Amino acid sequence: MAEINPAPILELQDVHKWYQVRRGLLADILDRDRKYVKAVDGVDLSVASGEILGLVGESGSGKSTLGELIVRLQTPTSGKILFEGKDIAHMSKQEMPQFRRGVQIIFQDPYSTLNPHFTIYRTVAEPLMVNGIRDKRELRERVRRALILSGLNADDTLLDSHPQKLSGGQRQRVSIARAIVLEPRVLVADEPVSMLDVSIRSGILNLLDELRRNLGVTIIFISHDLSTVQYLCDRTAIMYLGKVVEIGPTSKVMHNANHPYTRALLNAVPVVDPDVVRERPDLDGELPNAMNIPSGCRFAPRCQFATPECLDPEPALAQQEGGHYVRCIHPQLEPLWETNTPVESN
Ligand SMILES: Nc1ncnc2c1ncn2[C@@H]1O[C@H](COP(=O)(O)OP(=O)(O)O)[C@@H](O)[C@H]1O
Ligand code: SF4
Ligand SMILES: [Mg+2]
């Protein structure tokens, strides 16, 4: 396992991102009771330098919004995000370029994120050029290095070709090369393998792990798939309707899941081992609309362990043991399965 420096490189303090729901100008002016989509609704996180943190939850739980807040593609409604101890909302003109270089993102869809008119060379060289690097030799060397680090054969044929000529896996590797060419400290990877063929996913996951080992880059790995998270991540945070409901070392979250929502997600993962006895899947109903978040514990309407005490106040994130935190007043402490077979990885 790679070395993790416990000093946080990234800290989120009570971060909210609420989107106002537009209902026409007049309605917005007259109606004081404005509605908001609470995409991220009070997240605290501390990410150590060199770690890979998994961010998991159903679609709509706020993962992408959180990733976009970290790279400043979105601005928080309230709360603070610190990169290397500095508030990213209040950086000086001198500090800003360092942040821009230092924090990069890769997206889910390798088909729409690369400009079809650019060659692979231009695609990967662009962030360098934006950062004032003009020397042709240096540009070519750094582009080649990033492509090689991303597992591609950086010959002239590849450099001169366009994304349409490449497979999905190769395109995602080019996206990664573009993201690492400035040698970032933090990489947000938003569902980077979910659109790829199952057969090439593990290659991209291994690549991310190598980048962490070789470059020391810290990775926020967003996924709705627990098996990929188990494969890659040191710690895992489970998000539900804009809040972290469980977080800890990945092995604890996977094998000692205490939150009913985490257990329901785990129960939904197929296993091959016939000796593993599962509880009945207990994730009934759909994720509520982020405009109408239930009061008290937001998971209560779908939770089979809910009691009247769960409805007020909202449970706090409470420490269990060994850096494992759970937001539930009735944490489920017995092992989830009769055998300790890990989640199948695909
Ligand atoms: N720009 C936006 N305007 C309004 N609502 C948004 C916007 N972006 C995301 N949302 C809403 O915020 C919630 C969280 O979305 P998202 O962060 O994409 O979740 P995830 O990545 O976990 O699927 C969803 O209800 C989504 O519809
Ligand atoms: S606090 Fe209550 S409703 Fe919420 S997850 Fe725990 S048991 Fe379920
Ligand atoms: Mg998303």
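Preceding this section is the structure that the text describes.
Calculation notes
- Residues numbered from 1 in each chain as written.
- Chains lettered and ligands numbered in written order.
- Predicted model: local features only at pLDDT ≥ 70, side-chain atom pairs only at ≥ 80, totals over all residues.
- Heavy atoms only, no water.
- Helix = DSSP H or I, 4+ residues; strand = E, 2+ residues; numbered from the N terminus.
- Rg over C-alpha atoms; globule rule 2.2 N^0.38 Å.
- Contact = heavy atoms within 4.5 Å.
- Areas by Shrake-Rupley, 256 points an atom, 1.4 Å probe, with all protein chains shown as cover.
- Phe/Tyr/Trp six-rings, centres within 6.5 Å; stacked < 30°, edge-to-face > 60°.
- Buried < 20%, exposed > 50% of the residue type's maximum accessible area, 1.4 Å probe, protein only.
- Lys NZ or Arg CZ within 6 Å of the ring centre and 35° of its normal.
- Near = heavy atom within 4 Å.
- Polar contact = N/O pair within 3.5 Å; in protein donor to acceptor, adjacent residues only side chain to side chain.
- Nonpolar A, V, L, I, M, F, W, Y, C, P; charged D, E, K, R; others polar.
- Axes fitted to C-alpha atoms, helices over the stretch in contact; angles between N-to-C directions.
- Parallel < 35°, antiparallel > 145°, perpendicular 65-115°, else oblique.
- Left-handed = near helix turned anticlockwise from the far one by under 90°.

**Q** Describe the overall build of the protein chain, with residues and values.
**A** Of the regular secondary structure elements, the protein chain holds 11 helices and 12 strands. The C-alpha atoms of the protein chain give a radius of gyration of 21 Å, which matches the 20 Å a tight globule of 346 residues would have. Reported as C-alpha extents along the three principal axes, the dimensions of the protein chain are approximately 65 × 60 × 35 Å. Within the protein chain, contacts between residues separated by at least 24 positions form 67% of all contacts whose residues are at least 6 apart in sequence. Total accessible area on the protein chain stands at roughly 16,500 Å², and carbon and sulfur atoms take up 50% of it.

**Q** Give a detailed account of the packing of aromatic side chains, specifying residues and quantitative values.
**A** Across all of its chains, the model carries five aromatic pairs by this definition. With centroids separated by 5.7 Å and ring planes inclined at 70°, the aromatic side chains of phenylalanine 83 and phenylalanine 99 adopt a geometry described as edge-to-face. Of this pair, phenylalanine 83 sits in strand β4 (residues 78-83) while phenylalanine 99 sits in helix α3 (residues 95-102); the two residues are 16 residues apart in sequence, bridging distant segments of the chain. This pair shows no difference in class: phenylalanine 83 is buried, exactly as phenylalanine 99 is. Among the aromatic side chains, those forming a connected cluster through ring pairs are Tyr240, Tyr261 and Phe299. In this structure, lysine 38 is placed above the aromatic ring of tryptophan 18, and the distance from its NZ or CZ to the ring centre is 4.3 Å. Here arginine 140 stacks its cationic end above the ring of tyrosine 121, 5.0 Å away from the centre of that ring.

**Q** Before we move on, can you summarise the site of ligand 1 with the specific residues and values?
**A** Surrounding ligand 1, one finds Tyr19, Val37, Ala39, Glu58, Ser59, Gly60, Ser61, Gly62, Lys63, Ser64, Thr65 and Ala290. Between ligand 1 and the protein, one listed contact pairs an oxygen atom with a backbone N or O atom of serine 61 at 3.1 Å. In the environment of ligand 1, an oxygen atom lies 2.8 Å from a nitrogen or oxygen atom belonging to the side chain of lysine 63. Protein burial of ligand 1: of its 560 Å² of free accessible surface, 62% is covered by the chains.

**Q** Now, about the site of ligand 2: what can you tell me, with residues and values included?
**A** The immediate surroundings of ligand 2 are formed by 13 residues, with Cys297, Cys303, Cys310, Cys328 and Ile329 found nearest. Counted by class, the shell around ligand 2 contains 11 nonpolar, two polar and no charged residues.

**Q** Give me the lowdown on unusual backbone geometry, citing residues and values where you can.
**A** A cis geometry characterises the amide bond from aspartate 312 onward to proline 313, with omega recorded as -5°. Tracing the chain through its elements places proline 313 in the loop between α11 (260-267) and β11 (318-319). One non-glycine residue, aspartate 14, lies in positive phi territory at about 50°. Aspartate 14 sits in the partly exposed class, given a relative accessible area of 41%. One non-glycine residue, leucine 241, adopts positive backbone phi at about 45°. Along the chain, the position of leucine 241 falls in the loop between β9 (235-240) and β10 (243-249). Given a relative accessible area of 1%, leucine 241 falls into the buried group.

**Q** I'd like a description of the packing of helix α5 (residues 136-149) against helix α7 (residues 168-180), backed by residues and values.
**A** Where α5 meets α7, the closest approach of the two axes is 8 Å, and the angle between their N-to-C directions is 130°. Judged by the inter-axis angle, α5 sits oblique to α7. Crossing of α5 over α7 shows right-handed handedness. Together, Ala146, Leu147 and Leu149 of α5 and Val174, Ala177 and Ile180 of α7 make up the contact between the two elements. Across the contact of α5 with α7, the residue classes break down as six nonpolar, no polar and no charged.

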